[in-house]
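Fold and contact review
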Amino acid sequence: MKITQKLLGCCSLFLLITFSTFAQVQISEMTCEHKQNPMGVDVQKPRLSWKLKSSERNILQTAYQIRVFSSQTFDKKNLVWDSGKTASGASILQAYKGTPLQSGKTYFWQVKIWDNQARESVWSNSASWEMGLLSLNDWKSQWIEPAAQVMSEVGKSPASMLRKGFSLKGKIVSARAYVTSHGYYELSLNGQKVGNEVLTPGWTAYHKRLQYQSYDVTNMLRSGANAVGAMLGEGWFRSTLGWTNNRGFYGKRLGLLCQINVKYANGTEETIVSDGSWKYTNDTPITVNEIYDGESYDATREIKAWNEPTFNDNQWANVTTATFDNSNLVSSEGAKIERIEEIKPLKIFRTPKGLLVADMGQNMVGWMRLKVSGAKGTKIVLRHAEVLDKYGDFYIENLRTAKVTLTYTLKGEGVETYEPHFTFMGFRYVSIEGMDLKPENLTGVVVHSGMKPTGTFECSNPLVNQLQHNIQWGQKGNFVDVPTDCPQRDERLGWTGDAQAFCRTAAYNFDVAAFFTKWLKDVAADQRPDGSVPFVVPDILNKMDMKTVQGSAGWGDVAVIAPWTMYLTYGDKQLLENQYPSMKAYVEFMRKKAGDSYLWKNGSAFGDWLYYKPAMNSHTEPDGYTDRDYLCQAFFAYSTHLLQESAEALGKTEDAKMYAQLLENIKKAFNEQYVTPSGRIASDSQTAYVLALMFDLLPQNLQSKAADYLVKDIKSRQNHLSTGFLGTPYLCHVLSQSGHTDVAYDLLLQETYPSWLYPVKMGATTIWERWDGQKVDSTFQDVGMNSFNHYAYGAIGDWMYRVVTGIEIDSKSTGYKHFYIKPEPSAKLSYAKSSLNSPYGEIASGWELKDGKIKLTVKIPANTIATITLPKGTNEATEGGKTIAQSGFQNIKTTEKGLEFDAGAGEYVFEYKF
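Procedures and definitions
Residues numbered from 1 in each chain as written. Predicted model: local features only at pLDDT ≥ 70, side-chain atom pairs only at ≥ 80, totals over all residues. Heavy atoms only, no water. Helix = DSSP H or I, 4+ residues; strand = E, 2+ residues; numbered from the N terminus. Rg over C-alpha atoms; globule rule 2.2 N^0.38 Å. Buried < 20%, exposed > 50% of the residue type's maximum accessible area, 1.4 Å probe, protein only. Areas by Shrake-Rupley, 256 points an atom, 1.4 Å probe, with all protein chains shown as cover. Contact = heavy atoms within 4.5 Å. Polar contact = N/O pair within 3.5 Å; in protein donor to acceptor, adjacent residues only side chain to side chain. Pairing = 2+ DSSP bridges. Salt bridge = Lys/Arg side-chain N within 4 Å of Asp/Glu carboxyl O. Phe/Tyr/Trp six-rings, centres within 6.5 Å; stacked < 30°, edge-to-face > 60°.

Scanning the chain for helices and strands turns up 15 helices and 47 strands. On C-alpha atoms alone, the chain measures out to a radius of gyration of 29 Å, which is about the 29 Å that the 2.2 N^0.38 rule sets for 914 residues. Sorting the 914 residues of the chain into buried and exposed places 62% on the buried side. Accessible surface for the chain amounts to roughly 35200 Å². Of this, 49% is attributable to carbon and sulfur atoms.

Dropping the structure here:
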């Protein structure tokens, strides 16, 4: 008996230790459709993801179980789906497979997992998602419009205010507001703004896809009298867009669609709708609101308590109702546009011309918040600029016609706080007129899509660190619901070529899964019937002369390159499936244009945009020009290749075979037309060689020769690049892949024009549009096109992550389930390190060179495996004092790059002679 009790005690202790050890595995970052606890989901079978965290090494998930409930009371009567124990190592994007989901319903879910030691975890904490309005019949509201609207052709339109009082009876247990508009809207309940989003409803191909937002407003309502108010501004819907007179592109009248669904404690429900009973006024304090020109706000015209129940709106006019086909309504699925952070001015000073200017220290996107006091009628005017000229004066010529001005008129009632509602600016410097302000009067509000930061990069060179800073800030400033080219001048459009060049880097810096899921649907929506892809999406150029140009090589290819990149990064096969018809249509467009020759010509409107051009007085130095037909053929091949890969990934066997044959024909035509037997390539430019090598267009016997020609060209320019938007993203990758990583480092670390570090040396805090936006003598490039916040050339960040520190995707195991750590260190840096919060968890890779040795630090998240290459490593390399062979790593082998092996989850430090 005593022996049995002792044995049971030992077993209990063993089980306790085992459970305690496995209890260290945490299930975290639970998401639905790439978002944490999202509202307004309109996917019929939402996909659920989770991450595992553990201090143990080699943890792998072998099975999971998901259960979904209709209530936070997790009991059997509320269970709507139980996956049961499902044998799978996947912990991302697992689709709900239960009973049909209901509009507006909130669902709560948990997950538990089994590991590779047959241990079962406890249930995770709960997470939730809430469905949007899944049927048009769920919309009970009517579109309402101010009956009288002022749409000035010169951009002087005031904002409109709309309101309705209503009464609620009983205890409120749940309330949801569903809102969209023609133009920008700002909704309020009982005097308080609803939600933390700005610039709603965002920008889409409105006639085909108009987003609505869902808000939990339970705590904003009360039994008894209530009031709902809305302000409407021009927004992307009605403002002038681009550099043309296209005001009111999407429509001439602003409107609102609003519905509030209320549930009472007694089980009854009530719906407050937008209808003809609402009132409006155009006599508002916002007298001007335009995206490019800014906003004017006259506080003396404020209407106190206009959005509260006590307000008497008898003097306001009745709205009119309008009828639209609501089949274009879609729930907001991108990253919300929000106020992300705040910046105080570094200093306020007088320019040589006497202008009072605040320096924010960072080229940012958003607006200024004023906090001032003064006499009634005092007018403060704020103008915005990116740079100062060579004399230190305010420089706005590069903004073209955009006025980017805020005007605030004080009401004279003590301390007043103002920030704009319906505009945004790109700027570092702010000129101040009308009052001498101090730093405490001004706050910079940084606004962009709320993407979660995922990547970090740092090295021993402070200029490269500033470059990484500039890349990330360029992305933040230009990812404002759509990937714009620039955020400051009269443009700010979703240029497809910029997004194509940068999307891989974007996915290292931030979680852009939701952002690109949304925008790529607009790419497909605005794609033309012949399959060509517009220059900008949403497409506002189709009324211009440019409509006769059918896309452009390297721009239209975003329809193929971006979906494939998102699939690789996030393992989102559904995104790939959704975009596949668009991808296929674009390749078929190129195929039709090429005809029986398989040569696509006359399909490049922009070429290798902004490639290097020497000074006019240089008669011998070659420029970086690449033949446009050559570019067409190269991207024709690349998109066909990626479409073939996509077809294989989606199990479309016949398509995969067809596009494999098409690719073979395209490459054959390419080599016959553009390549000499010696490996010389038409145009003989850096971009020409880069694309031929990156897209695998050359026969194997010519690849090294072509790489040598590329290196020779770079060295002939004293280690300077000459590439434009199409060649730059791949330049350093091609050098590394062909064994010339040393030359790639020379390019990265080059400090003189043209180079990535030249703008940094010139004081840039974001990426420039041109290599020499500001010249060596501090004069400026062409005022007609010279942005100082233009992210495309920031695509070098991709190489920094993937080669310098070696964090690389396995294209056959997407989402970083299996990945590579294969850094390529250089003595030109003493250390480099990066991290990436991948769909499975944090990956980290860093190296340090010291005293003839290298220390490589690696972090592999739970439920993944990495293939690690120790650069120049041998069997003498150690980890934790043991050799690699002694440490239990798998598949150890020596390659031309170094010592390679597989490692499971954990943190490792490798050391050896280098």
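From this point, the narrative continues.
Of all nine residues that make up helix α15 (residues 796–804), nine are buried, and the element is covered over most of its length. If you check which residues of α15 are buried, you get Ile796, Gly797, Asp798, Trp799, Met800, Tyr801, Arg802, Val803 and Val804. Downstream of α15 by one or two residues, Gly806 has phi in the positive range, about 80°.

Moving on, we get to the environment of Lys164. Relative to the helices and strands, Lys164 is located in strand β10 (residues 160–168). For the pair Lys164 and Leu399, spaced 235 residues apart in sequence, the C-alpha to C-alpha distance is 40 Å. Setting aside residues no more than four positions away along its own chain, Lys164 makes contact with Asn226, Ala227, Val228, Ile272, Val273, Asp275, Ser277 and Trp278.

Inspection of the secondary structure assignment puts Ser239 in the loop between α2 (235–238) and β16 (255–264). Polar contacts involving the side chain of Ser239 include one to the side chain of Glu290, which spans 3.3 Å. Once residues within four sequence positions are removed from consideration, Ser239 is found in contact with Glu234, Arg247, Gly248, Glu290 and Ile291.

Taken in spatial order, the three strands line up as β1-β2-β6 in an open sheet, and their pairing is antiparallel. Each edge of the open sheet is held by one strand with a lone partner, namely β1 (26–32) and β6 (94–95). Relative to β6, strand β2 (residues 47–53) runs antiparallel, the two sharing two bridges. Within β6, the position partnered with Arg47 by the bridge is Ala95.

With that settled, consider the pattern of salt bridges. Any two side chains of opposite charge can pair, on the condition that their charged atoms come close. Scanning all chains against the criterion turns up 53 salt bridges. Across the salt bridge formed by Arg400 and Asp490, the nearest N and O atoms sit 2.7 Å from each other. With Arg400 in the loop between β29 (394–395) and β30 (405–409) and Asp490 in the loop between β36 (482–483) and α4 (496–509), this pair connects stretches of sequence that are 90 residues apart. Since its relative accessible area comes to 26%, Arg400 is described here as partly exposed. Salt bridges linked by common partners bring Arg209, Glu333, Asp481, Lys518, Lys521 and Asp522 together as one network.

Applying the stated rule across the entire model yields 66 aromatic pairs. An angle of 75° between the planes, with centres 6.0 Å apart, marks the rings of Phe479 and Phe516 as edge-to-face. You can see Phe479 sitting in strand β35 (residues 479–480) and its partner Phe516 sitting in helix α5 (residues 513–526), a full 37 residues away along the chain. With a relative accessible area of 1%, Phe479 lands in the buried category. Here Phe516 falls in the buried class, since its relative accessible area comes to 0%. Pairing Tyr611 with Tyr625 gives two aromatic rings, centres 5.9 Å apart and planes at 70°, and the pair type is edge-to-face.

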